[in-house]
Amino acid sequence: TTKTPVRVALITSSNVRILLPLLAVLTESYFARGGVQVAVPNTKRSNSPLFVCKRRYEVMVGAVGVLVGALWVLVVSASLGAVVSSPTPVEASLQEFNIGGILSDNQSDTHFKFTIKQNINANTTYVDHDTTLKDVTMLMDSNPIRTALEVCNKLVAKSVYAVIVSHPLNGDLSPAAVSYTSGFYHIPVIGISSRDSAFSDKNIHVSFLRTVPPYSHQADVWVELLKAFKYNQVVFVHSSDTDGRALLTRFQNQAQSHEDDKDIKMENVIEFEPGLYSFVDKLKEMREASARVFLLYANKEDAGTIFHDASYMNMTGKGYVWVVTEQALSAQYVPPGTIGLKLVNASDEDAHITDSLFVLAKALKRLKEEQNTTEPPPKDCDNTGTTWETGKKLFQYILEQVLKDGNTGKVAFDENGDRINAEYEVINIQEKNDSGAMIKSHVAVGQFVYNKPTEWQGAGGKAGLRKKEDETNSPQSTQPLADQFDTEVTKIELILIYLKAQL
């Protein structure tokens, strides 16, 4: 926490390669809060047993993430012996692929093993008769340092071709530790729960993919909602962290690419530091705008502060519309009529494990078919002299896979390894009188879906908003609801949610 630069020399031997990712893990939460972009160190190897690598960390400290200094880390590693020679390539007809699993509990561990043994190895569509997948699992530790060490000792030591990682019961840094450690050796990692936008940065998380989309992808659905409402002018409110800025950027891109060329204009963009104590001054600025549609990205705690102050200033009732991201829906003081999103199957760990394993099996089969030779994965974290080129190829094969009928829907990835084609429920905060007490509830009033192709659509299929069939779940709003659109959207099975509210 010093305000002056500090130089730290760490002399180590075999575990030097673990230290860099661990240092990144320990400071990642500060970078995320402050929105500082970090690039992984470009460590240059040489024939000499001595090599030097340097990485600069600008650490965000303080309650509001104030930048107070820069930390330069100089890591010098003295090799204790000759560089480990490159493993000898083996024929592509490798019989056994070890698949690592880092899971949250014993139930998920059991499901992981069962899926490999009973559903994949017995299915020749995914595994050839002369090939078998073998599970190598461990439970997630909430301590990122121990997690990284166990990845080396329990997974890398078993020469895993890829790793599927869940989340710890407490804390959120361990998946990043897995990504850093595995990524250094180009071992592909498929995350099934991490939604932070930082994982999209392939300069840092070089071999990370995920079956859940980042929070920033909710911007796509926001644009569809605003088109359905026919709102063309909004105020965008977001926290000044990685996720908030990523959401803003994606929204700007999506809002300016309408098929009808009618852009959604942001009258004002309000950015705030996480860890709010008061939001009154920002709300005064928002109230001066002519737009009364507020798009909000904030974590649960900050959203509670914003809603509390907005209610005090009479900015949550008639005349105002709040559209929020998933985290803010569970905030204290969330006003009735608020519209938000909830990722479908987000908490179904078994479903994500199954989809991840099938995607990985398809990629491994293609790797085996198309590559004449493959290198076996690294056997330990001391092997710093070679790059696992097969891991790079496998990562690309995973990126290209599409699972059309997965347990979590259609599974596919963009160039950053982020899940696309994710489906959401549209949630409306409704207030009901229960024995004299007003109770708020989350009511699903619609869905954002990626439906299967039909004859008239051609091969691609389309995405769109669909109204819930249960008419008892009619949306509440702080605005009078307008009549439904007069359109033939039912013909294309993409029925827009008519939450259409007018100021």
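Provided above is the structure to which this section pertains.
Computed from a predicted model, the values in this text were never measured in an experiment.

The rules behind these values
- Residues numbered from 1 in each chain as written.
- Predicted model: local features only at pLDDT ≥ 70, side-chain atom pairs only at ≥ 80, totals over all residues.
- Heavy atoms only, no water.
- Helix = DSSP H or I, 4+ residues; strand = E, 2+ residues; numbered from the N terminus.
- Buried < 20%, exposed > 50% of the residue type's maximum accessible area, 1.4 Å probe, protein only.
- Contact = heavy atoms within 4.5 Å.
- Areas by Shrake-Rupley, 256 points an atom, 1.4 Å probe, with all protein chains shown as cover.
- Phe/Tyr/Trp six-rings, centres within 6.5 Å; stacked < 30°, edge-to-face > 60°.
- Pairing = 2+ DSSP bridges.
- Axes fitted to C-alpha atoms, helices over the stretch in contact; angles between N-to-C directions.
- Core = buried A, V, L, I, M, F, W, Y, C linked by side-chain atoms within 4.5 Å.
- Parallel < 35°, antiparallel > 145°, perpendicular 65-115°, else oblique.
- Left-handed = near helix turned anticlockwise from the far one by under 90°.
- Nonpolar A, V, L, I, M, F, W, Y, C, P; charged D, E, K, R; others polar.
- Disulfide = S-S within 2.5 Å.
- Salt bridge = Lys/Arg side-chain N within 4 Å of Asp/Glu carboxyl O.

Colleague: Could you give me a rundown of the overall build of the protein chain, with the residues and numbers involved?
Modeller: Secondary structure summary: the protein chain contains 10 helices and 21 strands in total. Looking at the protein chain as a whole, 51% of its 503 residues qualify as buried. Relative to all contacts within the protein chain whose residues are 6 or more apart in sequence, the contacts with residues 24 or more apart total 70%. Put simply, the protein chain shows about 23200 Å² of open surface, and 48% of that area lies on carbon and sulfur atoms.

Colleague: Residues and numbers for the packing of aromatic side chains, please.
Modeller: Here the structure, examined in full by the defined rule, presents 13 aromatic pairs. Considering the side-chain rings of F294 and Y320, the 5.8 Å spacing of their centres and the 35 degrees angle between planes classify their relative orientation as tilted. Of this pair, F294 sits in strand β12 (residues 293–297) while Y320 sits in the loop between α8 (300–312) and β13 (321–324), and the two are 26 residues apart along the sequence. As far as burial versus exposure is concerned, F294 and Y320 are alike and both buried. Members of the aromatic cluster, joined through ring pairs, are F294, F307, Y320 and W322.

Colleague: Please provide a residue-by-residue account of the sheet that holds strand β6 (residues 132–139), values included.
Modeller: Pairing is parallel in the open sheet, where 5 strands are placed in the order β6-β5-β7-β8-β9. The open sheet has two free edges, formed respectively by β6 and β9 (208–210), since each of these has just one partner strand. Between one strand axis and the next, the sheet turns by 25 degrees as a mean value, whatever way the strands run. Taken together, the 8 bridges between strand β5 (residues 96–103) and β6 define a ladder with parallel strand orientation.

Colleague: I'd like a rundown of the nonpolar core, residues and numbers included.
Modeller: Ranked by internal contacts, the top residues of the largest apolar core, which has 54 residues, are I99, I102, L133, L364 and I398. Here this core takes 9 residues from helix α9 (residues 349–370), the largest share from any one element. For I99, the residues in contact, after removing those within four places along its chain, are F112, I116, L133, K134, D135, V136, V160, A162, L357, L360 and L364. Grouped together as the second largest cluster of nonpolar side chains are 31 residues, W222, F229, A255 and V293 included.

Colleague: Describe the packing of helix α5 (residues 218–229) against helix α6 (residues 242–255), and please don't skip the residues or the numbers.
Modeller: The interhelical angle for the contact between α5 and α6, taken along N-to-C directions, is 45 degrees, at an axis separation of 8 Å. By the angle between their directions, the pair α5 and α6 is classed as oblique. Where α5 crosses over α6, the handedness of that crossing is right-handed. Contacts from Q218, A219, D220, W222, V223 and L226 of α5 reach α6 at L247, R250, F251, Q254 and A255. For the contact of α5 with α6, the class distribution of residues is 7 nonpolar, 2 polar and 2 charged.

Colleague: Could you give an account of the state of the cysteines, naming the residues involved and the relevant values?
Modeller: Counted under the stated rule, the structure contains 1 disulfide. One disulfide bridge connects C152 with C381, the sulfur atoms lying 2.0 Å from each other. Because the torsion about its S-S bond is -95 degrees, the bridge between C152 and C381 counts as left-handed. With C152 in helix α3 (residues 144–155) and C381 in the loop between β15 (373–374) and α10 (389–399), the pair connects residues that are 229 residues apart, well separated along the chain.

Colleague: Report on the side chain of D220, specifying residues and quantitative values.
Modeller: Mapped onto the secondary structure, D220 falls in helix α5. Excluding its chain neighbours within four sequence positions, the residues that come into contact with D220 are R250 and Q254.

Colleague: Now, about the pattern of salt bridges: what can you tell me, with residues and values included?
Modeller: Using the criterion set out here, one finds 13 salt bridges in the structure. Note that D109 and K113 form a salt bridge whose closest N and O atoms lie 3.1 Å from each other. Of this pair, D109 and K113 both sit in helix α2 (residues 106–120), 4 residues apart, roughly one helical turn. Looking at D109, the relative accessible area reads 10%, which means it is buried. Residue classification places K113 among the partly exposed positions, given a relative accessible area of 29%.

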